[in-house]
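Listed here are the chains, written in short residue letters.
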Amino acid sequence: MDYRRKRKLTFFTIGFIFLLSGVEYAVILPTIWRYLQTLEAAPYFLGLSLSAFSLSGLLSGPLFGHWSDRTRTTKNIILFANCFEIVGNFMYFMGYSKWLLLGSRFVAGVGTGAGSSIFGFLTRSTAPADRSTVFAAVMACRQVGLLIGPAFNIFLRLCDFQLGPFVVNKYTAPGIFMCALWLLMQLVVLLMYWDVDSQCIITATITRPREEEELEKEEEEEEEDRPLVRPHEPLGCYGALTNSCSTVKPEANVDLASPCPPVEQVHSSPIKYSSAGREFLKVEVLVLLAAQFITLFNQTALETMVTPLTQRFFNFGELENSIMYCLCGVEVIAGFVFVRWFSKRVEERVVLAVGLILCNISCVWCLIFLANPQGFGSSICSCCPGVPFLENHSREDARF
């Protein structure tokens, strides 16, 4: 199989991996709250379970990234990380106790750490001009997974049978479903993934444009025909023996269109690592990191409290929550399209400012309508006769 075909299949596999990561997050989110309730878990276990998934990914990401930098390979890292996804989702399917469910999300989150290795691989195997497009396509695959993930609960909620000693119902079905998908992903990685960036040095000369090779040949011929000493040159200047000679040409630049880095850039020096560390201390980088932290914090906080709130005020079940998350996924995709269109017409700092203003509006919205849950519930119930008042809820439900 030629290099270009391997490259396409590898990128397809990477997109499939991020698609599954989005599906896993979205297929479990609508049902985990009710699942914890069946295990008699305290309400704070919902936040712990969601945080455990992100925490293990945060801890394992730098380790997998360091492993990838040392070995210059990612296939074995992905296969190893997927094992955590398989084991974690099977633990979620077992669901004997709330602690096992909490541990399952922590184990499954380790598998998400392979994303750092994948982004490192994409950085090494793509040209700078194409890198942002490739990264955007990969992240779009995850957003598509977030969109279609809740839709799987439409048929998973109908599961009600026995699988050996385990019960398959609407709460445990997402675990065994994702376990099967990650097993399939292992087979896809084995058959369709190659560490093409390790072949860059060999294939860099093959992928060069033919016009550039012909130009280099013409320059070599001219160099052979050129006399060693010209009339206007001082004596003792022979070719490349002295630095003052005008006939000495600088080394030809490496082709920027090549998807592989030059040979001398494969092994970075400690000076480059220190300069890369200083890049993170720039004001603009710190602003972007702070904005990313704030937006992700708001997103995860909302995702943690939305299912208990919909259960209390609207009596939503798994189907209603899944439909709600599907609509949210459509909104996210539309937001990406709008940002792409908007960023072509204004500066990126304006796009960031508009996004942060929208985040502030959403936070103020929550402060107004959620600061007093009793008033919020009463106002809703007065408009929706089918929804019971907050005062009629049981004491166990009201303690949340």
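This report concerns the structure included in the present document. Everything numeric in this text was worked out from a predicted model, so none of it was measured.

### Quick word on the overall build of the chain
- Looking only at helices and strands, one finds 17 helices and two strands in the chain.
- Here the chain holds 400 residues, and 38% of them are scored as buried.
- Intrachain contacts of the chain at a sequence separation of at least 6 include 75% that bridge at least 24 residues.
- Approximately 23900 Å² of the chain is accessible, and the part contributed by carbon and sulfur atoms is 66%.

### A short note on empty space enclosed by the protein
- Summed over all chains, the structure comprises one cavity of 30 Å³ or more.
- By volume, the largest cavity amounts to about 50 Å³.
- Looking at the largest cavity, the residues that line it are Tyr 25, Ile 28, Leu 29, Ile 32, Leu 50, Phe 53 and Arg 105.
- Secondary structure elements with two or more residues in the lining of the largest cavity: α1 (3-28) and α3 (44-71).
- Looking at the lining of the largest cavity, its residues break down into six nonpolar, no polar and one charged.

### Considering the side chain of Thr 13
- With respect to the helices, strands and loops of the structure, Thr 13 is situated in helix α1.
- Of the polar contacts made by the side chain of Thr 13, one reaches the backbone oxygen of Leu 9; its length is 2.8 Å.
- At 3.3 Å, the side chain of Thr 13 forms a polar contact with the backbone oxygen of Met 192.

### What about helix α5 (residues 98-111)?
- A rise of 1.5 Å per residue sets the reference length of α5, with its 14 residues, at 20 Å; its end C-alpha atoms lie 21 Å apart and thus fit the reference within 8%.
- Here α5 has its buried residues at Leu 101, Leu 102, Ser 104, Arg 105, Val 107, Ala 108, Gly 109, Val 110 and Gly 111.
- Where α5 is buried, its residues touch α1, α2 (32-38), α3, α4 (75-94) and α6 (114-125).

Analysis parameters
Residues numbered from 1 in each chain as written. Predicted model: local features only at pLDDT ≥ 70, side-chain atom pairs only at ≥ 80, totals over all residues. Heavy atoms only, no water. Helix = DSSP H or I, 4+ residues; strand = E, 2+ residues; numbered from the N terminus. Buried < 20%, exposed > 50% of the residue type's maximum accessible area, 1.4 Å probe, protein only. Contact = heavy atoms within 4.5 Å. Areas by Shrake-Rupley, 256 points an atom, 1.4 Å probe, with all protein chains shown as cover. 1 Å grid on protein atoms, 1.4 Å probe; cavity = no way out; pocket = protein on both sides within 12 Å on 5 of 7 lines; lining within 4 Å. Points joined across faces, edges and corners; volume = space filled by probe spheres on them. Nonpolar A, V, L, I, M, F, W, Y, C, P; charged D, E, K, R; others polar. Polar contact = N/O pair within 3.5 Å; in protein donor to acceptor, adjacent residues only side chain to side chain. Expected span 1.5 Å × (residues − 1).

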